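# Observations on the three-dimensional arrangement
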Amino acid sequence: MMASVVTMEVLDAIKNRRSVRKYLPKPIPEDVLGRVIEAGRIAPSANNRQPWHFVIVKDPETRRALSGGKYASFLQDCPVVIAGCGDTKTSPEWHAVDVTIALQNMVTQATAEGLGTCWIGSFFEDKVKEALGVPEEFAVVAMLAVGYPQEKPKGERKTKKVEEVTSQDRFV
Ligand SMILES: Cc1cc2nc3c(=O)[nH]c(=O)nc-3n(C[C@H](O)[C@H](O)[C@H](O)COP(=O)(O)O)c2cc1C
């Protein structure tokens, strides 16, 4: 009984999540942000290497430096940006997957906390690395915008039907 209740809550958070691109100028309490980071910190990784480092960016000037990508200008106006960096030396093969898993754990926890998020892949890695002082051997895998939503994304998101994206026993 208990297990099914917990499962539904996770599925609700996953279903309710939408990309948010407008944020209230309201800071995220440290305990709330702490639980979001924690959800990433304990994520699974290949050989448990945990080849990640997350830069939590609140400083407005630094956020501006991260917002140069074509679809990332709203990073200037969101209270927190999390840059997910992967250690290419420790895990040449899996760092990008591992960082992605950790970031998506953060997204789900943020949703459960009433926060909005948006994945950011639109950035110039060299500029982000310079702005954040990311060491040579780390790649910036992706960033997340995080904050209290000022908008509720309109319209149904188009998702493929389960029959389109699954098959039984063989890929058909
Ligand atoms: C890896 C990745 C990179 C993304 N990069 C951006 C981005 O740079 N800017 C942006 O506005 N949205 C970005 N998105 C958000 C997608 O556009 C969004 O998830 C998709 O349209 C589905 O909408 P939904 O998130 O509301 O369900 C990105 C999403 C992913 C997963």
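The paragraphs below set out a description of the structure included in this document. The structure presented is a predicted model; accordingly, all values stated were derived computationally and were not measured.

Next up on the list: the site of the ligand. Around the ligand, the surrounding shell consists of Arg17, Arg18, Ser19, Arg21, Tyr71, Phe74, Cys118, Trp119, Ile120, Gly121, Ser122 and Arg157. Here Arg21 contributes a side-chain N or O atom positioned 2.6 Å from an oxygen atom of the ligand. Backbone polar atom of Ser122 to an oxygen atom of the ligand: 3.0 Å apart, as the coordinates give it. Surface burial for the ligand is 62%, taken as the share of its 620 Å² of free accessible area covered by protein chains. Classifying every residue of the shell around the ligand by side-chain character gives 5 nonpolar, 3 polar and 4 charged.

What follows concerns the packing of aromatic side chains. This structure, assessed with the given rule, holds 1 aromatic pair. Arranged with centres 6.1 Å apart and planes meeting at 35 degrees, the rings of Trp52 and Phe54 form a pair that is tilted. Here Lys26 stacks its cationic end above the ring of Tyr148, 4.2 Å away from the centre of that ring. The ring of Phe124 carries the charged tip of Lys127 above its face, separated from the ring centre by 4.9 Å.

For the rest of this paragraph, the subject is the pattern of salt bridges. Side chains that differ in charge, positive against negative, can pair when their charged atoms come close. In this structure the tally under the stated criterion is 5 salt bridges. Between Glu30 and Lys58 there is a salt bridge, and its shortest N-O distance comes to 2.5 Å. Here Lys58 lies in the loop between β1 (52-57) and α3 (60-66) and Glu30 lies in helix α2 (residues 30-41), a separation of 28 residues in the sequence. You can call Glu30 exposed: its relative accessible area is 53%. A salt bridge links Glu61 to Arg64; its shortest N-O distance comes to 2.7 Å. Linking Glu61 with Arg64, this pair stays in helix α3, spanning 3 residues, or about one helical turn. With a relative accessible area of 52%, Glu61 lands in the exposed category.

As a further point, take a nonpolar patch on the surface. Taken together, the side chains of Val10, Leu11 and Ile14 define a hydrophobic patch exposed on the protein surface, amounting to about 230 Å² of accessible area. You can see Val10 is positioned in helix α1 (residues 2-16).

All right, on to the sheet that holds strand β4 (residues 138-147) then. Taken in spatial order, the 4 strands line up as β1-β2-β4-β3 in an open sheet, and their pairing is antiparallel. Two strands close off the open sheet at either side, each with one partner strand: β1 and β3 (116-120). In this sheet, neighbouring strand axes are inclined to one another by 20 degrees on average, regardless of whether the strands run parallel or antiparallel. Where α2 meets the sheet, it contacts β1 and β2 (80-87), and its direction lies at approximately 160 degrees from that of β1. Here helix α5 (residues 125-132) sits on the sheet in contact with β1, β2 and β4, set at roughly 80 degrees to β4.

This part is about the environment of Ser19. Tracing the backbone shows Ser19 in the loop between α1 and α2. Taking relative accessible area as the criterion, Ser19 reaches 23% and is therefore assigned partly exposed. Distance from Ser19 to Thr88, taken between C-alpha atoms, is 28 Å for residues 69 residues apart in sequence. In this view, Ser19 contacts Thr117, Cys118, Glu151 and Pro153; residues no more than four positions away in its chain are not counted.

Attention now moves to helix α4 (residues 95-112). For α4, with 18 residues, the first-to-last C-alpha span of 26 Å sits near the 26 Å given by 1.5 Å per residue. Looking at α4, one finds that the buried residues are His95, Asp98, Val99, Ala102, Leu103, Met106, Val107, Thr108, Ala110 and Thr111. Looking one or two residues beyond α4, the residue adopting positive phi is Gly114, at roughly 85 degrees.

Note on placement: Tyr148 falls in the loop between β4 and α6 (162-165). Exposure remark for Tyr148: the relative accessible area of 12% places this residue in the buried category. Sequence separation between Tyr148 and Asn47 is 101 residues; the distance between their C-alpha atoms is 35 Å. Apart from residues no more than four positions distant in its own chain, Tyr148 is found in contact with Lys22, Tyr23, Leu24, Lys26, Pro27, Ile28, Pro29, Val32, Glu113, Gly114 and Leu115.

Each value, and the rule that gives it
- Residue indices follow the written sequence of each chain, beginning from 1 at its first position.
- With the structure being a predicted model, the display of local features is reserved for residues of pLDDT at least 70 and the display and counting of side-chain atom pairs for 80 or more, all residues being used for whole-chain, interface and lining totals.
- The side-chain numbers reported here are obtained from all heavy atoms of the structure, hydrogens and water having been left aside.
- One heavy atom within 4 Å of a molecule or strand makes the whole residue count as near it.
- N or O atoms within 3.5 Å of each other form a polar contact, as long as, within protein, one can give a hydrogen and the other can take it, and as long as residues adjacent in sequence are counted only when both atoms are side-chain atoms.
- Working definition of accessibility: Shrake-Rupley area with a 1.4 Å probe, residue cover restricted to the visible protein chains.
- Each residue receives one of three labels: charged for Asp, Glu, Lys and Arg, nonpolar for Ala, Val, Leu, Ile, Met, Phe, Trp, Tyr, Cys and Pro, and polar for the others, Gly being one of them.
- Note on aromatic pairs: the rings of Phe, Tyr and Trp (six-membered ring only in Trp) are paired at centre separations within 6.5 Å, and the planes decide the class, stacked below 30 degrees, edge-to-face beyond 60, tilted for the rest.
- The criterion for a charge sitting over a ring is simple: Lys NZ or Arg CZ within 6 Å of the ring centre, and within 35 degrees of the ring normal.
- When a carboxyl oxygen of Asp or Glu lies within 4 Å of a side-chain nitrogen of Lys or Arg, that pair is called a salt bridge.
- Runs of H or I in DSSP of at least four residues are treated as helices and runs of E of at least two as strands, each being numbered from the N terminus.
- The rule is simple: take the accessible area with a 1.4 Å probe, protein chains only, and divide by the maximum for that residue type; under 20% is buried, over 50% is exposed, in between is partly exposed.
- The patch calculation keeps residues exceeding 30% relative accessible area without a salt bridge and links them within 9 Å when they carry like charges or within 5 Å when they are nonpolar (Val, Leu, Ile, Met, Phe, Trp, Tyr).
- Following DSSP output, two strands are said to pair if at least two bridges run between them.
- Here an angle of 0 to 180 degrees is reported between the N-to-C directions of two axes, which are lines fitted to C-alpha atoms, with helices fitted over the stretch in contact.
- Contacts: residue pairs with any heavy atoms within 4.5 Å of one another.
- Take the residue count of a helix, subtract one, and multiply by 1.5 Å to get its expected span.

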